[in-house]
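Okay, here's what each chain looks like letter by letter:
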Amino acid sequence: MTRSTRERIVDEALRLFAERGYSATSVAEIEAAAGLSPGAGGLYRHFKSKYEVLAAAMHEHAARTRIQVADSLAELSSMEGSADLEERLSLVCRAGLAKVREESELTRVFFRDLSQFPELVAVVREGLLQPMFDAITGWFRAQPEYAEADLDWTGIGAVLGGAVVHYRLFQETVGETPGHAEKDQFVAAWVRLAVGLLPAPAHAPVS
């Protein structure tokens, strides 16, 4: 699919911001990376400033995340009758890992540069991060296997969702997985922990 000039500017700017930092990336460098004549002002036909490109990237990734979360939840809901709980849990975990990896460039920009733009931190927090945790919490609450479990799903969603985010962030920043655990090992352990939340079966009364 051919990207529009505006899309190329946003995509290439985010890549450069992730590689070099926001302050170290010039408008001319963004233009060159997007296939425009560097220094000719092509970026300004679509954006008023470099900041506006950064803001557009944050808003567009947040909007895309909301759509992806809704689509993933709908797909998982359609599987309730055909896939057992462990298979569905595995899919939830793998989808989370894939999403965090997909946002690796944004993550680097977030930690390196966004502290100077609190309004954009709010966009990422409310439009990308919290929706992911809310989706995990909502998904657990909706599973019939957990219907009888009297648990703090918000806290559990924070722990299980946080584990997924941490696994990828550790890998991105350190260059190795936490504890050298391979992805399949992590997913299997995550599923086992989640299955352990199932309510214990009621014991038949002793006659």
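Residues numbered from 1 in each chain as written. Predicted model: local features only at pLDDT ≥ 70, side-chain atom pairs only at ≥ 80, totals over all residues. Heavy atoms only, no water.

An unreviewed UniProt entry lists the protein chain under the name TetR/AcrR family transcriptional regulator, from Nonomuraea roseola.

**Q** What is the right way to look at the overall build of the protein chain in this model?
**A** The number of helices and strands found in the protein chain is eight helices and zero strands. In the protein chain, the order of α-helices and β-strands from amino to carboxyl end is α-α-α-α-α-α-α-α. For the protein chain, the C-alpha radius of gyration of 21 Å lies well beyond 17 Å, the compact-globule estimate for 207 residues. Referenced to the eigenvectors of the C-alpha coordinate spread, the extents of the protein chain come out at roughly 90 × 35 × 30 Å. Put simply, of all contacts in the protein chain between residues at least 6 apart along the chain, 68% involve residues at least 24 apart. For the protein chain, the accessible area works out to roughly 11,500 Å², and carbon and sulfur atoms hold 55% of it. The average position of the 21 basic charges and that of the 29 acidic charges among the side chains of the protein chain differ by 7 Å. (Helix = DSSP H or I, 4+ residues; strand = E, 2+ residues; numbered from the N terminus. Rg over C-alpha atoms; globule rule 2.2 N^0.38 Å. Contact = heavy atoms within 4.5 Å. Areas by Shrake-Rupley, 256 points an atom, 1.4 Å probe, with all protein chains shown as cover. Lys, Arg positive; Asp, Glu negative; His and termini not counted. Charge placed at Lys NZ, Arg CZ, Asp CG, Glu CD.)

**Q** For this particular structure, what's the right way to read helix α8 (residues 183–195)?
**A** Three- or four-residue spacings in an α-helix give side chains the same orientation, since the helix completes a turn every 3.6 residues. Spanning 13 residues, α8 covers 18 Å between terminal C-alpha atoms, matching the ideal 18 Å at 1.5 Å per step. Turning to α8, its buried residues number three or more, namely F186, V187, W190, V191 and A194. Axial view of α8: buried residues confined to an arc of 130 degrees, hence all on one face. Turned more than 90 degrees away from the buried face of α8, the exposed residues are R192 and L193. Here the buried face of α8 lies against α4 (85–102), α6 (118–142) and α7 (153–174). (Expected span 1.5 Å × (residues − 1). Buried < 20%, exposed > 50% of the residue type's maximum accessible area, 1.4 Å probe, protein only. Arc of directions from axis to C-beta.)

**Q** Just checking my understanding: could you explain the UniProt feature "domain: HTH tetR-type" (unreviewed entry) in the protein chain for this structure?
**A** UniProt records the feature "domain: HTH tetR-type" (unreviewed entry) for residues 3–65 in the present numbering. Regarding residues 3–65, the helix share stands at 62% and the strand share at 0%, and the terminal C-alpha atoms are separated by 19 Å. (UniProt positions renumbered as here; feature names shortened; annotations may be inferred.)

**Q** Would you mind going over the environment of L193 with me for this structure?
**A** By the secondary structure assignment, L193 is in helix α8. Residue L193 is classed as exposed on the basis of its relative accessible area of 59%. For the pair formed by L193 and L160, sequence separation is 33 residues and the distance between their alpha carbons is 8.8 Å.

**Q** Can you help me understand the UniProt feature "DNA-binding region" (unreviewed entry) in the protein chain in this one?
**A** Summarizing the sequence annotation, UniProt attributes the feature "DNA-binding region" (unreviewed entry) to residues 28–47 in the numbering used throughout. Between the end C-alpha atoms of residues 28–47 the distance is 13 Å, and the span holds 30% helix and 0% strand.

**Q** What am I meant to see in the nonpolar core here?
**A** The nonpolar side chains of a soluble globular protein tend to be buried with one another. Among the nonpolar cores identified, the biggest contains 30 residues, and L54, M58, V109 and L114 are the most heavily contacted of them. Of all the elements in the fold, those that place two or more residues in this core are α1 (5–20), α2 (27–33), α3 (50–77), α5 (104–113) and α6. When near neighbours in sequence (up to four residues on either side) are disregarded, L54 contacts F17, Y22, V109, L114, F117 and L120. Within the second largest apolar cluster, 21 residues are counted, among which are W139, W153, Y167 and F186. (Core = buried A, V, L, I, M, F, W, Y, C linked by side-chain atoms within 4.5 Å.)

**Q** Please clarify how α7 should be interpreted in this entry.
**A** Taking 1.5 Å per residue, 22 residues should reach 32 Å; α7 reaches 30 Å between its end C-alpha atoms and fits that length. Considered for burial, the residues of α7 that qualify are W153, I156, G157, L160, G161, V164, Y167 and R168. Positioned one or two residues after α7, G175 has a phi angle of 90 degrees, which is positive.

**Q** Even after reading the chapter, I still don't get the packing of α6 against α7, so can you show me in this structure?
**A** Packed helix pairs are characterised by how far apart their axes lie and by the angle those axes make with each other. Taken N-terminus to C-terminus, the directions of α6 and α7 make an angle of 125 degrees; their axes are 8 Å apart at the nearest point. Here α7 runs oblique to α6, going by the angle between their axes. Crossing geometry of α6 relative to α7 is assigned as right-handed. Judged by residue contacts, F133, I136, T137, F140 and R141 of α6 engage W153, T154, G157, A158, L160, G161, G162 and V165 from α7. By residue class, the composition of the contact of α6 with α7 is seven nonpolar, five polar and one charged. (Axes fitted to C-alpha atoms, helices over the stretch in contact; angles between N-to-C directions. Parallel < 35°, antiparallel > 145°, perpendicular 65-115°, else oblique. Left-handed = near helix turned anticlockwise from the far one by under 90°. Nonpolar A, V, L, I, M, F, W, Y, C, P; charged D, E, K, R; others polar.)

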